[in-house]
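# A look at the structure
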Amino acid sequence: QVRLVESGGGLVQAGDSLRLSCAASGRTFSSTTMAWFRQAPGKEREFIVGIDNSNNAYYGNSVKGRFTISRDNAKNTVYLQMNSLAPEDTAVYYCAASYRPFLTDQAQYDYWGQGTQVTVSS
């Protein structure tokens, strides 16, 4: 069982940066594939970035070059550094965990956080 708690969301202006954190419970965090998804108002939840247990990172086209994912296995935490934020990045951001190899399909992730709101004003 893995429990995930996101933090770091908030209201920022276009061009600003924000760092989200996702703290995980459980002793096997280092074995997990972690990912961030987001859901904008009126839209379906979408994959944005993931990192596997070998520290390989995978980025969706909408955030490539602006967002960076990292993990600290000693702290059981995964981070999402978001730079050059734009109003279209406004969404609820969710952290997810899986013991499967990396996939973008959210159905493959068994554990989810409660989400954290990111709002970017123009």
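Residues numbered from 1 in each chain as written. Predicted model: local features only at pLDDT ≥ 70, side-chain atom pairs only at ≥ 80, totals over all residues. Heavy atoms only, no water.

### Looking at the overall build of the protein
Keep this limit in mind: Numbering of helices and strands starts at the N terminus; helices are DSSP runs of H or I of at least 4 residues and strands are runs of E of at least 2. The atom set for the radius of gyration is the C-alpha atoms, and the globule formula is 2.2 Å times the number of residues raised to the power 0.38. Here, residues are in contact when the closest pair of their heavy atoms is within 4.5 Å. Only the protein chains shown count as cover for residues, and the accessible areas themselves come from Shrake-Rupley with a 1.4 Å probe. Think of it this way: Lys and Arg go in the positive column, Asp and Glu in the negative one, and His and the chain ends go nowhere. By convention, charge coordinates are those of NZ in Lys, CZ in Arg, CG in Asp, or CD in Glu.
The secondary structure content of the protein amounts to zero helices and 11 strands. Whereas a compact globule of 122 residues would reach a radius of gyration of roughly 14 Å, the protein reaches 13 Å, a difference of no more than 12%. Dimensions of the protein, computed from C-alpha atoms along their principal axes, come out at roughly 40 × 25 × 25 Å. Taking as baseline every contact in the protein between residues at least 6 positions apart, the subset at least 24 positions apart corresponds to 56%. As displayed, the protein has an accessible area near 6200 Å², and 44% of this comes from carbon and sulfur atoms. Separation between the mean location of the 11 positive side-chain charges and that of the 10 negative ones in the protein comes to 5 Å.

### Focus: the pattern of salt bridges
Note the threshold: Salt bridges are counted wherever a side-chain nitrogen of Lys or Arg sits within 4 Å of a carboxyl oxygen of Asp or Glu. Per-residue accessibility, obtained with a 1.4 Å probe over protein chains only, is compared with the maximum for each type, and a residue is labelled buried under 20%, exposed over 50%, and partly exposed between these values.
Under the defined criterion, the tally for this structure stands at four salt bridges. Between Arg38 and Glu46 there is a salt bridge, with the nearest N and O atoms lying 2.8 Å from each other. The salt bridge involving Asp89 is made with Arg66; its shortest N-O contact spans 2.7 Å. Here Arg66 lies in the loop between strand S6 (57–59) and strand S7 (67–72) and Asp89 lies in the loop between strand S8 (77–82) and strand S9 (91–98), a separation of 23 residues in the sequence. Each member of the pair Asp89 and Arg66 is classed as buried. One continuous salt-bridge network, built from bridges that share partners, spans Arg38, Glu46, Arg66 and Asp89.

### Re the pairing of strand S5 (residues 46–51)
Rule in force here: Note: two strands are recorded as paired if DSSP finds a minimum of 2 bridges between them.
In terms of burial, S5 is largely enclosed, as five of its six residues are buried. When strand S4 (residues 33–39) meets S5, the two strands line up antiparallel, connected through five bridges. Paired with Trp36 across the bridge in S5 is Val49. Counted along the chain from S4 to the antiparallel partner S5, the turn is six residues long, and its residue Gly42 has a positive phi close to 75 degrees. In terms of strand pairing, S5 meets S6 through three bridges, oriented antiparallel. Along S6, the bridge assignment pairs Val49 with Tyr59.

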